[in-house]
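The lines below spell out each chain.
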2 protein chains.
Amino acid sequence: MRVSIPSLCGLSDFRGFSQVAVSNHTGRLVLVMTKEELKGASEEEQQAQSKKGLKKAQKEAEKAAKKAEKQAKLAAEQQSTDEDDFAKDRYGVSPMVQSQEKLDRVLVRVQQLTPERADQLIWVRARVHTSRAKGKQCFLVLRQQQFNVQALVAVGDRASKQMVKFAANINKESIVDVEAMVRKVDQKIESCSQQDVELHIERIFVISQAEPRLPLQLEDAVRPEGEGDEEGRATVNQDTRLDNRVIDLRTTTSQAIFRLQSGVCQLFRDTLTDKGFVEIQTPKIISAASEGGANVFTVSYFKTSAYLAQSPQLYKQMCICADFDKVFCVGPVFRAEDSNTHRHLTEFVGLDIEMAFNYHYHEVIDSITDTMVQIFKGLRDKFQTEIQTVNKQYPSEPFKFLEPTLRLEYTEGVAMLRAAGVEMGDEEDLSTPNEKLLGRLVKEKYDTDFYVLDKYPLAVRPFYTMPDPTDKVDLEKIKAYIDSFRYGAPPHAGGGIGLERVTMLYLGLHNVRQTSMFPRDPKRLTP
Amino acid sequence: MRVSIPSLCGLSDFRGFSQVAVSNHTGRLVLVMTKEELKGASEEEQQAQSKKGLKKAQKEAEKAAKKAEKQAKLAAEQQSTDEDDFAKDRYGVSPMVQSQEKLDRVLVRVQQLTPERADQLIWVRARVHTSRAKGKQCFLVLRQQQFNVQALVAVGDRASKQMVKFAANINKESIVDVEAMVRKVDQKIESCSQQDVELHIERIFVISQAEPRLPLQLEDAVRPEGEGDEEGRATVNQDTRLDNRVIDLRTTTSQAIFRLQSGVCQLFRDTLTDKGFVEIQTPKIISAASEGGANVFTVSYFKTSAYLAQSPQLYKQMCICADFDKVFCVGPVFRAEDSNTHRHLTEFVGLDIEMAFNYHYHEVIDSITDTMVQIFKGLRDKFQTEIQTVNKQYPSEPFKFLEPTLRLEYTEGVAMLRAAGVEMGDEEDLSTPNEKLLGRLVKEKYDTDFYVLDKYPLAVRPFYTMPDPTDKVDLEKIKAYIDSFRYGAPPHAGGGIGLERVTMLYLGLHNVRQTSMFPRDPKRLTP
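Worth saying up front: this structure is predicted, and the values here are computed from it rather than measured.

Scanning chain A for helices and strands turns up 15 helices and 17 strands. If you take every contact in chain A between residues at least 6 apart in sequence, the share linking residues at least 24 apart comes to 69%. Here chain A has roughly 21,000 Å² of accessible surface; of this, 47% comes from carbon and sulfur atoms.

Following this line, the structure appears as C-alpha cells:
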C-alpha cells in the first residue's frame, strides 16, 4: 500500500494556488506497508493534468507569483522607507512555510486565552477577523474556529507607527502569527468568546494573505435573521453562502453545527458498538435499484450500467443473514428525487441499523430509541457550547426527549387528533398537517420532541395497493438478496435515519442544507 | 423525520422470502422527531413494486407457503404417527416469530458456554453447523458467528427416538432454539471453539429452516488452501464464494476478518478524535472529476452529468481552508480503472486525513504514522482471537511495526537497493519489483512491516512530466476549491489509505476481495 501525501502544502504556495490546484499528487512521500505484498505505483500517482489545464494553471501561477512578489516588495519598501523604524523586525509578511525549519515555538490556542495566562508572552496563529485603526492604535479581533479574542497594537516601545499601520492594513481573513502579552481586562469584552483578556501585540507576521475583497462578510453571515432588516444591516442569503461555502463554514455557527454533527456520528457509533453492533461497509454502486426503479441515479459502469444505492437496506439484511447479528453503517445514500424542498437532498448520510431479534420487534425498537436517546444526551452534555453558539443566530428551545422514549400506538395518535377536532378514519394515513399537529399535541401532553408511533396500520401503505408503474425490480438482479433468506434467516428489523435531518431537528434549524457541508440537490452540484 | 422500519421481519415469513423480498417498506412503525418541523411521508415510503415483479413474487410466495405447509404437516405427522411419543412437545418446527409474545426466556451466547455454566439448563439459539446421527444419538455442532459448541440428543428420559430422528434431519444452516444441560467434558473437543463443555439437548425447535442444498459447504470454505488437494477434500474458489457471499461471510474466517475491519475503522476514528480531529462528510457526487478526467465514473444527474468522487481530496482541503484545522473522513471512493488485479477495486473505503501544520510537514507525517501505529497496536491487543482465527486458514507472521515509525529517506532506500545489487539512478522511481525488494530489505534490517519513505524525489513524478491527454480538468468547475486558497489558507497536508488494503496487509491476505464484504471490480457488480 502506498499512501501518497497529496498536498504537501508546505511545499507549495498557499497564497497563490498554482501548484496545489494543478498538482494534487506531488508524491514526495510514501507510507509503506510491506507485509506479504508490495505493490506498484498506486492509482493516486497515476493521475496527471492536461496540457490545456496545465497552461492555464501555469499562467494563473505566474500571476499569483507576481502578485505575491509585489506584496512582498511593498512590505519591504514599507520597512525600508522608514529607516528609523526600530520595530522593523517585529512585523511583515512571513516567508512561506516551506518545512525548511522545525521551530519549537509553541502556538497557544485562542480558546486557551484565559485569565490564568495573564502577563504571559505567548504566540498564537489566528485569522484577522476584523481590524480597526484608531489614532495610534489598531484593534484587531483574532479568530480561531468558534473562538475569538481582542488584540491591540499600540505605538510604544514595542511597536512603531509603521507597525500599527501595517497591522491596520492586513486584509480580513488573513492568517497571522502574533506574539503578544496576555492582559486581563476590567470590563468584559462582550463581542468576543474570550471575554476576560486581550492581547497586547509585540510582533505580527502574515502567514497567509487573504484577497482584499471577500464574497461575503462573516459578521453578516452570523447575524440572526430579521436583525438585518431592522437595523439596515445585511444578512447573507443561502445561495451566496453555499456558493462561497468555504467562507460560510468559517462562521462560529457553521463551526458549531459541524462539530456537533461530528458528535452525532460518534455517539451513534459508540452507543451501538457498546451494544455489540458491528460496523459494516456496503457498496454504493449496485446492479439493481435497491428500492425500486424510481428516484435512482444511473452510473456508466464500463460497458454496462449500474445504480447508486438508495439505501444500504438489502446489504444490511444480507449481513444479518450472514450471521453478523447486529450491524450498523454510516454512509452516503443517493436519491434522484427532483424535490426542491427545505428537507430534501439528493445525497445525504444515512445512519443505518439492522439487528436480529429473539421474540419481538420491540427489542429492535428499544435498541433504536435508546440509541437516539444516547445521542440526545451526549449532545446535551458534551456540545453545550456548540448548541449555544448556534442558538445565538438561530434561537431555539432545548430539544426535549423522554427516557425511555414515549411509545404511542397509532390508535392513540388518531384519538388525540380527533379530540383536537380532526376527522379521520382508524386506518387512514397521517397527512403532513396532521402529522405536524400530532407532534404539537404530543409535545403539549408529554413534553417530548421525540416519540415512536407504533402499530402503524398495515392498511395505510401495504405494498400491493400502490403498484408503481415506473418500478421494475428485476428479481434476477437481486437474487443474492432473495437467496439469503433461503439458507436460514433470523427474525430481524432495522431502520435508517438521515444524519443531516437529525442535526437540523436537534438544533431547530430550518433547512437541511445548513447541516450538509456541501449539499447536493437537483439544482446544486457545486462546490 | 420519519424512520421507517423497513423490514419488520417478525411480521413476515423468513423461511420463505415472499413478503420480505417484495415489500421492504411495510411502514408499520415510525419514529418521530417533531422539533420545529414535521414532515410528510418520507421517500422510503413512496416506493412500491411493479405488477410484474409482484406477480412473480406472489407466485414464489405461494410456492414457499405450500412448501412450509408441507413441512409442517410432515412434522405433525411424524408426531402423530407415534402416539406414544412422550417427547412430542420437546421438538418441532417452531411457529414463525411474529412478535406476538414477549418471552422472557434468556438466550445464552455460544461464546459464554464455559465450564462455569456446567450443570445449568440453558436456552441457546444457533445454527446447525453439522449434524450426524449415530445409533440412538445425534451429534450436532451448533454455531454462532465465530463460536461453536458440540451438542448431543440421545434417546433417554428427555428425548424419544422420534426426537433424535427429527434432530438428525434438520438441514445444515437452519437456525434452532435449543434447551440443554451444559456438561463438562473429559477430553477437549478440538473441533469446536468451546472445547470444555458440550450440550445435552432436552428440547429443540427449528426457528428458520435452510434449504437442503447449499451452494457451498462451510467446512470447505474455511479449509486452508493446499489441504484440499492433498487429501482430496474440496476448497471453494473465489467466484463461488463471492457469488454466494452471504454463506461465505458466515465462515469463522470471514466473521473474524470483518469484525477486525470494523475495529480498524473504530481505531482510526478514535485515535484521530483524541488528537482533536473533526469528522467530516464529503459529497460523492461531484461536478468535476476530482483527480482528473481519467478513471472516473459518470452519473446521470437530472438533465446533466456528474461524476463519482475519486477521493475526498478537494473537499478535505476546503475544510482546512474553512478552519476545521484537522479533519478526517471514512467513506467510499470510486475508481473507474479497468484493472483486474488482486489489489484493485472500483469502489473501496477511503480513510482520509487532512490537517493544518505549523512549521513542517513532518508534523503531519507524525500524526499519520502514529495513527497507523495506534491501529496496529489496537488490533494486536483487542483482536487477537480474530487474528488467530484468520491465521488458521491463512497462516501468516504477526504484523511488525516500530514505535515511532521508521522514517527512511529516499536516498537511503536507493542505497539499500544498490547494496543489494540493483542498478538505479538517484532520482529514479521505484519499480514494483524494487519496491517489493526494498520492503524485504527493510524487514530484514529493521524488522518492520511498516515504514515511511520520505523525500521522495520531486523529479520522479512531477505533475508536468506526465500530461494525460484524456484529463481535462475544467478549472471553472473546481472554482470553489481554487478560491478557497484565495481567502487565506494555512499550510496543510494529508493522506489517504484504503481500508480494505490495510486489513489485507495486516492479516497477510492475498486478495483485496477477501476484505471487501461485497467487492466491486470491472467484472463484478453483484451481489
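Let's pick the thread back up.
With that settled, consider the pairing of strand E13 (residues 326-334) of chain B. All names here are of chain B. Of all 9 residues making up E13, 8 are buried, and the element is well covered by its neighbours. Note: strand E9 (residues 278-279) against E13, 2 bridges, orientation parallel. By the bridge assignment for E13, Val-278 is matched with Val-327. Pairing analysis gives 9 bridges linking E13 to strand E14 (residues 347-356), with the strands arranged antiparallel. Among the inter-strand pairings, Phe-334 is bridged to a residue of E14, identified as Glu-347.

Attention now goes to the packing of helix H10 (residues 362-382) of chain B against helix H11 (residues 384-393) of chain B. Residues and elements named next belong to chain B. H11 packs onto H10 with a crossing angle of 80° between their chain directions and a minimal axis gap of 5 Å. When the interaxial angle is binned, H10 and H11 end up roughly perpendicular. The segment H10 lies against H11, with Leu-379, Arg-380 and Lys-382 engaging Gln-384, Glu-386 and Ile-387. Of the residues assigned to the contact of H10 with H11, the class counts are 2 nonpolar, 1 polar and 3 charged.

On to the pattern of salt bridges. Residue and element names in this part refer to chain B. Summed over all chains, the structure comprises 66 salt bridges over all chains. Linking Arg-127 and Glu-173 is a salt bridge whose minimum nitrogen-to-oxygen distance equals 3.9 Å. Placement of Arg-127 in strand E4 (residues 121-134) and of Glu-173 in the loop between helix H3 (161-168) and strand E7 (175-184) is noted, with a sequence separation of 46 residues between them. We note a salt bridge from Lys-275 to Asp-370, for which the minimum N-O separation is 2.6 Å. With Lys-275 in the loop between helix H8 (252-274) and E9 and Asp-370 in helix H10, the pair connects residues that are 95 residues apart, well separated along the chain. Assessed through its relative accessible area of 25%, Asp-370 is described here as partly exposed.

Right, let's get into the packing of aromatic side chains. Here the structure, examined in full by the defined rule, presents 24 aromatic pairs over all chains. With 5.2 Å between their ring centres and 5° between their planes, Tyr-301 of chain A and Phe-297 of chain B make a pair best called stacked. On the criterion of chain membership, the pair formed by Tyr-301 of chain A in strand E11 (residues 298-301) and Phe-297 of chain B in the loop between strand E10 (285-286) and strand E11 (298-301) is interchain, its members lying in two chains. Since its relative accessible area comes to 1%, Tyr-301 of chain A is described here as buried.

Turning our eyes to something else, we now look at H8 of chain B. All names here are of chain B. The first and last C-alpha atoms of H8 sit 32 Å apart over 23 residues, in line with the 33 Å expected at 1.5 Å per residue. Taken across its 23 residues, H8 has 18 buried, putting it largely inside the fold. Trailing H8 by a residue or two, Gly-276 shows a phi angle of about 90°, which is positive.

Time to look at the side chain of Glu-198 of chain A. With respect to the secondary-structure elements, Glu-198 of chain A resides in strand E8 (residues 197-208). Within the structure, the side chain of Glu-198 of chain A is placed 2.9 Å from the side chain of Gln-150 of chain A, a separation counted as a polar contact.

It is worth spelling out the environment of Gln-388 of chain B at this point. Examined against the element boundaries, Gln-388 of chain B turns out to sit in helix H11. For the pair Gln-388 of chain B and His-510 of chain B, spaced 122 residues apart in sequence, the C-alpha to C-alpha distance is 17 Å.

Turning next to the pairing of strand E6 (residues 147-154) of chain B. All names here are of chain B. Counting buried residues along E6, 7 of its 8 residues qualify, which places the element largely inside the surrounding structure. With 3 bridges connecting them, E6 and strand E8 (residues 197-208) associate as parallel partners. Bridging from a neighbouring strand, Gln-150 pairs with Glu-198 of E8.

All right, on to the environment of Gly-495 of chain B then. Residue and element names in this part refer to chain B. Note on placement: Gly-495 falls in strand E17 (residues 492-498). Taking relative accessible area as the criterion, Gly-495 reaches 3% and is therefore assigned buried. Distance from Gly-495 to Ile-365, taken between C-alpha atoms, is 8.9 Å for residues 130 residues apart in sequence.

A few words now on unusual backbone geometry. Where the residue is not glycine, phi is negative for most of them; where a peptide bond is considered, it is trans in most cases. Along the chain, Glu-403 of chain A connects to Pro-404 of chain A via a cis peptide bond; the corresponding omega equals 0°. Along the chain, the position of Pro-404 of chain A falls in the loop between helix H11 (384-393) and strand E15 (406-409). Despite not being glycine, Asp-447 of chain B has its phi angle at roughly 55°, a positive value. Structurally, the position occupied by Asp-447 of chain B is in the loop between helix H13 (432-446) and strand E16 (450-454).

Glancing now at the sheet that holds E14 of chain B. All names here are of chain B. Overall, mixed pairing links the 4 strands, which are arranged E9-E13-E14-E17 in an open sheet. The open sheet has two edge strands, E9 and E17, and neither has a second partner. Across the sheet, helix H9 (residues 313-321) lies against E13, E14 and E17, angled at about 25° from E14, the strand it touches most. Along the sheet, helix H15 (residues 499-507) makes contact with E14 and E17, crossing E17 at roughly 65°.

All names here are of chain A. Overall, mixed pairing links the 4 strands, which are arranged E9-E13-E14-E17 in an open sheet. Each end of this open sheet is capped by a strand with a single partner; those strands are strand E9 (278-279) and strand E17 (492-498). Where strand E14 (residues 347-356) meets E17, 7 bridges bridge the pair, whose relative direction is antiparallel. Each bridged residue has a counterpart across the sheet, and for Gly-350 the counterpart in E17 is Gly-498. With respect to the sheet, helix H10 (residues 362-382) is in contact with E14 and E17, its orientation differing from that of E17 by roughly 25°. The strands touched by helix H15 (residues 499-507) within the sheet are E14 and E17, with E17 carrying the most contacts at an inclination of about 65°.

Quick look at H15 of chain A now. Residue pairs spaced three or four apart in an α-helix point in one direction, given the helix's 3.6 residues per turn. Residues and elements named next belong to chain A. Burial of H15 is extensive: 9 of the 9 residues sit out of reach of the surface. Listing the buried residues of H15 in full gives Leu-499, Glu-500, Arg-501, Val-502, Thr-503, Met-504, Leu-505, Tyr-506 and Leu-507. Gly-508 occupies a position one or two residues after H15 and carries a positive phi of about 70°.

Further remarks concern the confidence of the model for chain A. Residue and element names in this part refer to chain A. Overall, the prediction assigns chain A a mean pLDDT of 84, with 78% of residues at 70 or greater. Per-residue pLDDT stays below 50 along residues 1-29; that stretch engages in 130 contacts with residues further than four places along the chain or on separate chains. Segment residues 461-470: pLDDT under 50, and 21 contacts once partners within four positions in sequence are set aside and those in other chains are kept. Note on the complex model: pTM 0.86, ipTM 0.86.

About the thresholds
Residues numbered from 1 in each chain as written. Chains lettered and ligands numbered in written order. Predicted model: local features only at pLDDT ≥ 70, side-chain atom pairs only at ≥ 80, totals over all residues. Heavy atoms only, no water. Helix = DSSP H or I, 4+ residues; strand = E, 2+ residues; numbered from the N terminus. Contact = heavy atoms within 4.5 Å. Areas by Shrake-Rupley, 256 points an atom, 1.4 Å probe, with all protein chains shown as cover. Buried < 20%, exposed > 50% of the residue type's maximum accessible area, 1.4 Å probe, protein only. Pairing = 2+ DSSP bridges. Axes fitted to C-alpha atoms, helices over the stretch in contact; angles between N-to-C directions. Parallel < 35°, antiparallel > 145°, perpendicular 65-115°, else oblique. Nonpolar A, V, L, I, M, F, W, Y, C, P; charged D, E, K, R; others polar. Salt bridge = Lys/Arg side-chain N within 4 Å of Asp/Glu carboxyl O. Phe/Tyr/Trp six-rings, centres within 6.5 Å; stacked < 30°, edge-to-face > 60°. Expected span 1.5 Å × (residues − 1). Polar contact = N/O pair within 3.5 Å; in protein donor to acceptor, adjacent residues only side chain to side chain. pLDDT = per-residue confidence, 0-100.

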